[in-house]
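# What the coordinates show
As a plain string of letters, each chain reads:
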Amino acid sequence: MGGESKKQLIGEINQLRQQKNAIILAHYYQPDEIQDIADFVGDSLQLAQQAANTDAEVIVFCGVHFMAESASILSPEKIVLLPEPEAGCPMADMINAEELIEEKKKYPGVKVVCYVNSSAEVKAESDICCTSSNAEKVVASLEGQDILFVPDGNLGRYVAAKTNRKIIPWPGFCPTHHRVSKEDVLQSRKLHPDAKVLVHPECREEVWQEADYVGSTSGIIKYAENSSAKKFIIGTECGILHQLQKRCPDKEFHLIAKHMLCPNMKKNSLQKVRDCLLTLSPRITVTEEVREKAIAALEKMLTV
Ligand code: 13P
Ligand code: SF4
């Protein structure tokens, strides 16, 4: 940490956040020490809601690029900082606006539901956004029409199964969740026969078919908190264990597989948070032309 102690860095962050009227938002996949200093820790939907409603002048977004970009679209008058500018989301990069425009031409009249894990340009070409915690509600709100669902094919197929709607899924995926196999579920169940299996819908169908519960990061936390079970197998990114252990100290959590880590989420550090508050950079902005179109899809989601 460049010679500075954790305590020193936290002291500086606390001072700077007050001086600059900043709020620190962190996703559940962020490193533990980032979650501990955040003003708010949440899932993608909760973070977007916080970003839209905060009175702070500066938003430090401890997450990945598309999350900070959504905050900037929703609150253009605010300074939105991403402490590590290289923290992207490989799934969000699996579709661009040109590809989406071409795909839409194949299905005249189709409605486009776009997972928030996408660029502002893709959101601008979509009818409505969704996150993993409201995808079913969002799809149900679009009466009758066929739906093009981008970029997460696994989430698209999951929502299709839950809502019985015709959904054309784009073949994108999250490398961290897509790697989990049915074999991982079966192996985990063998090791912990009395555990409940809770997985994220970014996992493949063969995985969610075997689970006791499928939901977003906040859904998984809520399920574990409210369940009478004592042991859980967790099928999402390892950062969530910090909140699970904090909130349920008497319960036991096991990751579904060894590789449940999002390298981009782990690029952040206390030092980077301190530095971005000090310099008010790197800032995430969106051109007005793209923002005007993208905000409609995001705001529509927030009203569902
Ligand atoms: P949620 O927080 O909405 O469950 O999303 C998980 C995710 O992959 C964010 O990148
Ligand atoms: Fe993207 Fe997957 Fe990382 Fe979420 S966990 S940010 S979907 S790569």
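Residues numbered from 1 in each chain as written. Chains lettered and ligands numbered in written order. Predicted model: local features only at pLDDT ≥ 70, side-chain atom pairs only at ≥ 80, totals over all residues. Heavy atoms only, no water.

### A few points about the packing of aromatic side chains
Note the threshold: What counts as a ring pair is set by centres within 6.5 Å for rings of Phe, Tyr and Trp (its six-membered ring), and what kind of pair is set by the plane angle: stacked under 30 degrees, edge-to-face over 60, tilted for all other angles. Each helix is a run of H or I in the DSSP string that is no shorter than four residues. Each strand is a run of E no shorter than two, and both are numbered from the N terminus. Burial classes: relative accessible area under 20% of the type maximum marks a residue as buried, over 50% as exposed, and values in between as partly exposed (1.4 Å probe, protein chains only).
Taken as a whole and assessed by the stated rule, the structure comprises three aromatic pairs. Between the aromatic rings of Y158 and W208, the centroid separation amounts to 4.9 Å while the plane-to-plane angle is 75°, which identifies the pairing as edge-to-face. One end of the pair, Y158, is in helix 8 (residues 153-163); the other, W208, is in helix 11 (residues 205-208), and 50 residues separate them in sequence. Judged by relative accessible area, which is 8%, Y158 ranks as buried. Take W208: its relative accessible area is 8%, and that puts it in the buried class. Measuring from ring centre to ring centre gives 4.8 Å for Y213 and Y223, while their planes differ by 25°; the resulting arrangement is stacked. Taken together, the residues span a long stretch of sequence, with Y213 in strand 10 (residues 213-214) and Y223 in helix 12 (residues 217-226) at a distance of 10 residues. In this structure Y223 comes out as partly exposed when scored by relative accessible area, which is 23%.

### What to know about the site of ligand 2
To be explicit about the condition: Near residues are defined by distance, with any heavy atom within 4 Å of the molecule or strand qualifying the residue. In this analysis, the protein atoms alone were mapped onto a 1 Å grid. Cavities are point sets where a 1.4 Å probe fits without being able to get out; pockets are open sets with protein on both sides within 12 Å along at least five of seven lines; lining residues have an atom within 4 Å of a point. More than half of a molecule's atoms within 2 Å of the grid points is what it takes for that molecule to sit in a cavity or pocket. Ten residue types, Ala, Val, Leu, Ile, Met, Phe, Trp, Tyr, Cys and Pro, are classed as nonpolar, four, Asp, Glu, Lys and Arg, as charged, and the remainder, Gly among them, as polar.
Inspection of the region around ligand 2 gives Y29, V64, C89, P90, M91, N117, C174, E202 and C262 as its neighbouring residues. Assessed atom by atom at 2 Å from the grid points, ligand 2 resides in the largest cavity. Its residues placed into classes, the shell around ligand 2 shows seven nonpolar, one polar and one charged.

### As for the sheet that holds strand 5 (residues 111-115)
Filter applied, for reference: When DSSP finds two or more bridges between two strands, those strands count as paired. Only the stretch in contact is used when fitting a helix axis, every axis being a line fitted to C-alpha atoms; angles between N-to-C directions are given from 0 to 180 degrees.
Here four strands make up an open sheet; going across it, the order is 6-5-7-8 and the pairing parallel. Sheet topology places strand 6 (128-130) and strand 8 (167-169) at the edges, where each strand pairs with a single neighbour. Taking each pair of neighbouring strands and ignoring which way they run, the sheet shows an average axis angle of 30°. Relative to strand 7 (residues 147-150), strand 5 runs parallel, the two sharing four bridges.

### Structural notes on the packing of helix 4 (residues 65-74) against helix 15 (residues 288-303)
In plain terms, the rule: Note on terminology: angles under 35 degrees are roughly parallel, angles over 145 are roughly antiparallel, angles of 65 to 115 are roughly perpendicular, and the others are oblique. Contacts are residue-level and defined by heavy atoms, with any inter-residue pair within 4.5 Å sufficient.
Close contact between helix 4 and helix 15 brings their axes to 9 Å; oriented N to C, the two are set at 95°. Here helix 4 is positioned roughly perpendicular relative to helix 15, judged by the angle of their axes. Two secondary-structure elements touch here, helix 4 through S70, S72, I73 and L74 and helix 15 through R291, A294, I295, L298, E299 and L302. The residue makeup of the contact of helix 4 with helix 15, split by class, is six nonpolar, two polar and two charged.

### Looking at the layout of surface pockets
The criterion, for reference: Grid points are joined across faces, edges and corners, and a volume is the space filled by probe spheres set on the points.
The calculated volume of the largest pocket comes to roughly 280 Å³. Taken together, 20 residues form the lining of the largest pocket, with S132, S133, N134, Y213 and S216 sitting closest to its centre. The set of elements that each furnish at least two residues to the lining of the largest pocket consists of helix 3 (44-53), helix 7 (135-140), helix 8, strand 10 and helix 12. Counted by class, the lining of the largest pocket contains eight nonpolar, eight polar and four charged residues.

### Observations concerning the sheet that holds strand 3 (residues 58-62)
Here we have four strands laid out as an open sheet, ordered 2-1-3-4, and parallel in their pairing. Of all the strands in the sheet, just strand 2 (40-42) and strand 4 (79-81) have a single pairing partner and so form its edges. Averaged over neighbouring strand pairs, the angle between their axes works out to 20° when direction is ignored. Direction of pairing for strand 1 (residues 22-27) relative to strand 3: parallel, over a ladder of five bridges. Bridged to A26 within strand 3 is C62.

### Some remarks on the site of ligand 1
Basically, it comes down to this: The definition of a polar contact used here is a pair of N or O atoms within 3.5 Å, where within protein one atom must be able to donate a hydrogen and the other to accept one, and adjacent residues in sequence count solely through side-chain atom pairs. Note on areas: Shrake-Rupley, 1.4 Å probe, and residue coverage restricted to the protein chains presented here.
As a matter of local geometry, ligand 1 sits amid 13 residues, with H27, S132, H200, E202 and T217 nearest to it. For ligand 1, an oxygen atom lies 3.4 Å from a polar atom in the side chain of N117. Relative to its free-state accessible area of 300 Å², ligand 1 is covered by the protein chains to the extent of 96%. Given that more than half its atoms are within 2 Å of the pocket grid, ligand 1 belongs to the largest cavity. When its residues are assigned to classes, the shell around ligand 1 shows four nonpolar, seven polar and two charged.

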